[in-house]
Amino acid sequence: MRSYLVAISLLALTAPAVQASSDGAWAEFGKAVSTACVKAAAGQIEKPRAVVDPYGSDHFGLALVTGKAKGAKQTISLICVYDKQMKTVELSSEFSADQVKVMPGR
């Protein structure tokens with residue numbers, strides 16, 4: 001009986017904890033990603049707007065930041081990668097509006 005209790009205790013301690021994030025936590029995460037990405041893109045885009053992947057990947061928040069290129073007339077987009085642990089951002093190079101199109105499904 002004692003070994004049974006020890007085994008159950010060890011299993012309980014070593015089993016991964018499954019925690020569901022609340023809608024509020026995901027909304028807060030999305031806002032953090034958007035704020036960081038928009039701030040980072042402000043040097044390249046006038047009035048940048050971010051579309052955030054609501055959950056990102058295991059380690060990163062992801063967003064597409066779009067707006068008018070500074071000092072130019074064309075619209076550009078940047079991919080923004082937000083490190084969830086470090087809370088840092090990296091931006092891709094520019095994609096022109098011709099390169100980023102949403103096509104209807106066929």
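Draft legend 1. Representation of the state of the cysteines in the model. Inspection of the entire model under this criterion finds one disulfide. Here cysteine 37 is linked by a disulfide to cysteine 80, with a sulfur-sulfur distance of 2.0 Å. Looking down the S-S bond of the cysteine 37 and cysteine 80 bridge, the torsion is -80 degrees, so its handedness is left-handed. Of the two residues, cysteine 37 is situated in helix α2 (residues 23-41) and cysteine 80 in strand β3 (residues 75-83); the sequence distance between them amounts to 43 residues. According to the relative accessible area criterion, cysteine 37 is buried, its value standing at 0%. Judged by its relative accessible area of 0%, cysteine 80 falls in the buried class.

Draft legend 2. Looking closely at the pattern of salt bridges. Inspection of the entire model under this criterion finds one salt bridge. Between lysine 68 and glutamate 46 there is a salt bridge; the shortest N-O distance is 3.2 Å. Of this pair, lysine 68 sits in strand β2 (residues 60-69) while glutamate 46 sits in strand β1 (residues 45-52), and the two are 22 residues apart along the sequence.

Draft legend 3. Layout of the environment of tyrosine 55. Its place among the elements puts tyrosine 55 in the loop between β1 and β2. Residue classification places tyrosine 55 among the partly exposed residues on the basis of a relative accessible area of 47%. Here the alpha-carbon distance between tyrosine 55 and glycine 30, two residues 25 residues apart in the chain, equals 7.7 Å. Look past the residues within four positions of tyrosine 55 in its chain and what remains in contact with it is Trp26, Phe29 and Lys84.

Cut-offs applied
Residues numbered from 1 in each chain as written. Predicted model: local features only at pLDDT ≥ 70, side-chain atom pairs only at ≥ 80, totals over all residues. Heavy atoms only, no water. Disulfide = S-S within 2.5 Å. Helix = DSSP H or I, 4+ residues; strand = E, 2+ residues; numbered from the N terminus. Buried < 20%, exposed > 50% of the residue type's maximum accessible area, 1.4 Å probe, protein only. Salt bridge = Lys/Arg side-chain N within 4 Å of Asp/Glu carboxyl O. Contact = heavy atoms within 4.5 Å.

The quantities given are spatial measurements derived from coordinates; they are silent on function.
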